[in-house]
Amino acid sequence: MARRKTQDPEQPKVKLTKEKLKDAARIFRFIRPYRFAFGFGLVLLFLSSLTFMVFPYLSGLMVDIAQGEQGMEIDLGDVGWILAIVLVVQGGVSYLRIYLFAIVSEKGIADVRRALYEKLITMPMTFFEESRVGELVSRLTSDVEKLYNAFSITLAEFLRQIIILVAGIIFLAFRAPTLSLIMLGTFPVVIIGAMFFGRFIRKLSKERQEELAESNNILNETMQAIQAVKSFTNELFESLRYGKRIERVVGMSLKYARWRALFTVFIVTFLFGALFFIIWQGASLVQSGEMTVGLLIEFVAYTAIIGGSIAGLGNFYTELLGAIGATERIREILDETAEVSIRAHGEAPAHSFEGRIAYESVHFRYPTRPDIEVLKGLSFSVEPGQKVALVGTSGAGKSTIVQLLLRYYGLQGGEIKVDGQPISSYDITAYRKNMAIVPQEVILFGGSIRENIAYGKPGATEEEITEAARQANAWSFISGFPEGLDTLVGERGVKLSGGQRQRIAIARAILKDPAILLLDEATSSLDAESEKAVQDALNTLMEGRTSIIIAHRLATIRDVDQIFVIDDGRIIEQGTHTELSAREDGAYNTLAKLQFEPIQ
Ligand SMILES: Nc1ncnc2c1ncn2[C@@H]1O[C@H](COP(=O)(O)OP(=O)(O)OP(=O)(O)O)[C@@H](O)[C@H]1O
C-alpha cells in the first residue's frame, strides 16, 4: 500500500529554522483560549526560578555569619526567617505555576485531539486507502503525547533552566569575576557537545519509534485478520514475524540507550570535572584570603545549579525539537482537506431525492492504482423506485459502481447524476443522507443492539427502533435475548450470527429511510430460514425506494426491474430476468449456468 508523506521513515530531520519555529508556533492557536493562564504561569515560572536562586546565596551567607566574618549586619536568626519566607513563597508559586500549566496543556491538547479526530473522520476514503491507518493512529497518538509533554513540562522546564542559567551567571560574574571566567571557559564545549549529541540521539529515537510502529502494525493487522491467520494455521509464522520485529525494536532501543547513556556520561564528566576544578581554584583563593568560605560554598552551589541546568537544557532542547517535529505531522493532518464539514451537518439542507440515477459514460481508476481503468465508459439509468441488480464476475466493477454513487471517489470521466443533477453538485452530507447501504459483511459497533440500530438515525425513539427492528425481521431474535435491545453485540458484532447482523443493518437502514438503497448481497449463504427472514426484510426495506443490488446469487434477483451484467468495467447486457434468460448464449445465461450447474 502506498505510504503517505506523514509516514515516510526518511522524513527530513527537524532543523530549527525561523520558518520551522514560525510553523510550529501555529500550534499555539490551540492554547490561545487559555493564554491568560499560560501568561500568568510564565510570570510565576519567572518568579519561582528567581526565588530558587536565593538559596545558594543564603547558604553562603549563613556560613560567613557563623564564621564571624566582618561587616555582617544580620544574624543567623534573621537568615532563618528569610529562608522560611522564601520557602513558603517558592512552594506557593510553584504549586500555582504547575497547576496553571496543567490547565493549559490538558485543555489545549484535548482540543488538538478533538480537532485531529474531527479531521480524520471527515477525510475522504482515498486518505484511508493511502494511509496505513494503524500506523497513522499510533504515530499521531505519540505525537500528541509529545506535544502534551511539551506544554505541561518541557517548555516550562526549558524556560526555567534558561532563567536559572542567565541569572546564575550574571550573579556570579558580580560576586566572583575571576572564578566565573574559569567556569565559563568550559561552557561552550559542553553546549556544542550537547547539541551534536542531541541531534544524533533524536535521529535514533525516531528510528526506534518507527521500528515500534512497524511491530504495532503486525499486531494490529493480525488481530484484525485473526480468522485468516487461524484458518491458514499461520500462528507460528506470525509469531516469528512479530518476534523478529520486536528483536529489531530491542536492538534499536539498546543502541538508543547506549548513546543516551554516553550523552549523560559526557555531560556529567565535563560538569563534574569543571566543578572540582573550580572548588580547587576556590580553595586556593580562600587559603590566600581573597575569598570567604561562605562565598566559595555559594559559588559552588551556583555552579552546580548552572551545570544542572545546562545538562537539563540539552535534554529539554532535544524534547522540544521532538515536539516541533510532532507539531509538523499534526499540522500536516490538520491541513488536509476534509470531504465533509461535520460542523455544518445541522445546516445541511435536507434534500429529499426522488431517486433517479444515471451513469453517463463513467470512467474510473482507483487513486491508489491509477494504471488500471476499472470502469470504462459505463452508462445505465435507474428510474425512481426501481429495483436493479448488478451482476458479473468477480472484479468486474460492481462494488466500484456503488462506491462511486456514495461519492467515495471522484470520477476521471463522464458523469453520475441523481435526479438529473451531477452528484458532485450536492452538499456531500445532505446527499449521503439520502442513501443507505447494507453491506456484504456487516460490521457492528461494540455497543448494544439498540445503539447499533439507532446509528441509522441518532436520537431515534424507542418506538422507532422497535418498529424498525420489527420490519427488519429482527425483533423475534432481539426479544428472545434476555436483555432485548440492550444486548451487547461484542466487538464488531461477533456475538451475533451473520443473518442477525444483516437484519440489524437492515433495521438501521429502515430508520434512515433513504431514497436510494444500496445492497451488497452476502456471498455466504445463510441457512434457509435466516435467508428467508433476511430476504423478506430486504423486500420491506426496498419498497418505494430506488434500490441497487449487487447480486452474487442470481436466484435472489428474479423479480428486479432491470439486471445489468457487468464485465470488465462495462455493461454487456441488460434486461429483466425473463428477457436475459431467453438469450441462449447471453452473458447472463452463462453466469447462471456457472452458478447452477454442478461442477464436474
Ligand atoms: N480500493 C481499491 N483500490 C484499488 N483497486 C481496487 C479497489 N477496490 C477494487 N479495486 C479493483 O477494482 C476492480 C473492480 O473491483 P470491484 O470490487 O468493483 O469488483 P466487483 O465486481 O465488486 O467484485 P466482487 O464481486 O468480487 O466483489 C478490481 O480489479 C479490483 O482489484
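Residues numbered from 1 in each chain as written. Predicted model: local features only at pLDDT ≥ 70, side-chain atom pairs only at ≥ 80, totals over all residues. Heavy atoms only, no water.

(A) Geometry of the pairing of strand β3 (residues 387-392). In terms of burial, β3 is a largely internal element, five of the six residues being buried. By the bridge criterion, four bridges tie β3 to strand β8 (residues 546-550) in an arrangement that is parallel. Bridged to Val 388 within β8 is Ile 548. Strand direction decides the pairing type here: β3 and strand β9 (residues 562-567), joined by five bridges, are parallel. Of the residues in β9, the one forming a bridge with Val 388 is Gln 562. (Buried < 20%, exposed > 50% of the residue type's maximum accessible area, 1.4 Å probe, protein only. Helix = DSSP H or I, 4+ residues; strand = E, 2+ residues; numbered from the N terminus. Pairing = 2+ DSSP bridges.)

(B) Region of the structure containing the nonpolar core. By size, the foremost hydrophobic cluster in this structure holds 53 residues, and its most contacted members are Val 112, Leu 116 and Ile 330. Going through the elements one at a time, α2 (35-52), α4 (76-121), α6 (133-175), α7 (177-184), α10 (235-287) and α11 (293-335) are the ones with two or more residues in this core. Element by element, the count of residues in this core is highest for α11, at 15 residues. Dropping the residues within four chain positions of it, Leu 116 is found in contact with Leu 140, Val 144, Ile 330, Ile 333 and Leu 334. Counting residues in each nonpolar core, the second largest holds 45 residues, with Leu 496, Ile 506, Ala 507 and Ile 557 among its members. (Core = buried A, V, L, I, M, F, W, Y, C linked by side-chain atoms within 4.5 Å. Contact = heavy atoms within 4.5 Å.)

(C) Region of the structure containing the site of the ligand. The local shell around the ligand holds 15 residues, among which Ser 394, Gly 395, Lys 398, Ser 399 and Thr 400 are the closest. Within the backbone of Ala 396, a nitrogen or oxygen atom sits 3.1 Å from an oxygen atom of the ligand. Contact between the ligand and Lys 398: an oxygen atom at 2.9 Å from a main-chain N or O atom of the residue. Ranked by the residues each element gives to the shell around the ligand, the list is headed by helix α12 (residues 398-405), at three residues. For the shell around the ligand, the residue count by class is four nonpolar, eight polar and three charged. (Near = heavy atom within 4 Å. Polar contact = N/O pair within 3.5 Å; in protein donor to acceptor, adjacent residues only side chain to side chain. Nonpolar A, V, L, I, M, F, W, Y, C, P; charged D, E, K, R; others polar.)

(D) Quick look at the packing of helix α3 (residues 54-66) against α4. Running from N to C, α3 and α4 point in directions that differ by 165°, and their axes come no closer than 10 Å. With respect to α4, the element α3 is oriented roughly antiparallel. Of the two possible hands of crossing, α3 and α4 adopt the one that is left-handed. Contact with α3, carried on its side by Val 54, Phe 55, Leu 58, Leu 61, Met 62 and Ile 65, involves Leu 76, Val 79, Ile 82, Leu 83, Val 86 and Leu 87 of α4 and no other residues of that element. Here the contact of α3 with α4 is composed, by residue class, of twelve nonpolar, no polar and no charged. (Axes fitted to C-alpha atoms, helices over the stretch in contact; angles between N-to-C directions. Parallel < 35°, antiparallel > 145°, perpendicular 65-115°, else oblique. Left-handed = near helix turned anticlockwise from the far one by under 90°.)

(E) Summary view of unusual backbone geometry. The residue Thr 233 is not glycine, and still its phi comes out positive at about 45°. The residue Thr 233 is located in the loop between α9 (226-231) and α10 in this model. Thr 233 gets classed as exposed once you look at its relative accessible area, which sits at 61%. Its identity is not glycine, yet Ser 361 carries a phi of approximately 30°, on the positive side. Here Ser 361 lies in strand β1 (residues 357-364).

(F) Representation of the layout of surface pockets within the structure. Taken as a whole, the second largest pocket spans an internal volume of roughly 770 Å³. Along the walls of the second largest pocket sit 32 residues, with Lys 146, Ser 205, Gln 209, Tyr 256 and Glu 319 positioned nearest its centre. Residue assignment for the lining of the second largest pocket shows that the elements contributing at least two residues are α6, α8 (187-224), α10 and α11. Here the lining of the second largest pocket takes twelve residues from α8, the largest share from any one element. By residue class, the composition of the lining of the second largest pocket is eight nonpolar, 13 polar and eleven charged. (1 Å grid on protein atoms, 1.4 Å probe; cavity = no way out; pocket = protein on both sides within 12 Å on 5 of 7 lines; lining within 4 Å. Points joined across faces, edges and corners; volume = space filled by probe spheres on them.)

(G) Structural context of the sheet that holds strand β4 (residues 413-418). Here we have four strands laid out as an open sheet, ordered β2-β1-β4-β5, and antiparallel in their pairing. For this open sheet the edge positions go to β2 (375-382) and β5 (421-422), each flanked by a neighbour on one side alone. With two bridges joining them, β4 and β5 adopt antiparallel strand pairing. Residue pairing in the sheet places Lys 417 in a bridge with Pro 422 of β5. Where α12 meets the sheet, its contacts fall on β1, β2 and β4, and the angle it forms with β1 comes to roughly 115°.

(H) Focus on the pairing of β4. By the bridge criterion, five bridges tie β1 to β4 in an arrangement that is antiparallel. Looking at β4, one finds that Ile 357 is bridged to Val 418. Two successive antiparallel strands, β4 and β5, enclose a turn made up of two residues, where Asp 419 displays a positive phi of approximately 55°.

(I) Geometry of the domain arrangement of the protein. Split by domain assignment, the protein resolves into domain 1 (16-335) and domain 2 (357-596). Each side of the interface is counted separately: domain 1 has four residues, and domain 2 has five residues. Summed over both sides, the interface between domain 1 and domain 2 buries roughly 480 Å², with carbon and sulfur atoms accounting for 61% of that surface. Considering only the side of domain 1, the residues that lose the most area to domain 2 are Met 125, Thr 126 and Glu 129, jointly responsible for 77% of the buried surface there. Here domain 1 is connected to domain 2 by zero salt bridges. Taken together, the connections running from domain 1 to domain 2 amount to one residue pair in polar contact (both at pLDDT 80 or more). Class assignment of the residues belonging to the side of domain 1 that touches domain 2 gives a composition of one nonpolar, one polar and two charged. (Domains from an automatic or database assignment. Buried area = accessible area lost by both parts, 1.4 Å probe. Salt bridge = Lys/Arg side-chain N within 4 Å of Asp/Glu carboxyl O.)

(J) Representation of the environment of Tyr 256. Residue placement: Tyr 256 occurs in helix α10. Separated by 31 residues in sequence, Tyr 256 and Gln 287 have C-alpha atoms that sit 46 Å apart. In this view, Tyr 256 contacts Ile 201, Leu 204, Ser 205 and Arg 208; residues no more than four positions away in its chain are not counted.

(K) Looking closely at the packing of aromatic side chains. If you walk through the whole model with that rule in mind, you get 19 aromatic pairs. Between Phe 477 and Phe 481, the ring centres sit 5.9 Å apart and the planes meet at 80°, which makes this aromatic pair edge-to-face. Exposure remark for Phe 481: the relative accessible area of 24% places this residue in the partly exposed category. A network of ring pairs unites the aromatic residues Phe 28, Phe 38, Phe 101 and Phe 151 as a single cluster. The aromatic ring of Tyr 256 is capped on one face by Arg 260, whose charged end is 4.8 Å from the ring centroid. Sitting above the plane of the Tyr 431 ring, Arg 407 keeps its charged end 5.4 Å from the centroid. (Phe/Tyr/Trp six-rings, centres within 6.5 Å; stacked < 30°, edge-to-face > 60°. Lys NZ or Arg CZ within 6 Å of the ring centre and 35° of its normal.)

(L) Examining helix α17 (residues 498-512) more closely. Taking 1.5 Å per residue, 15 residues should reach 21 Å; α17 reaches 21 Å between its end C-alpha atoms and fits that length. Immediately beyond the C-terminal end of α17, within one or two residues, lies Asp 513, with a positive phi of roughly 50°. (Expected span 1.5 Å × (residues − 1).)

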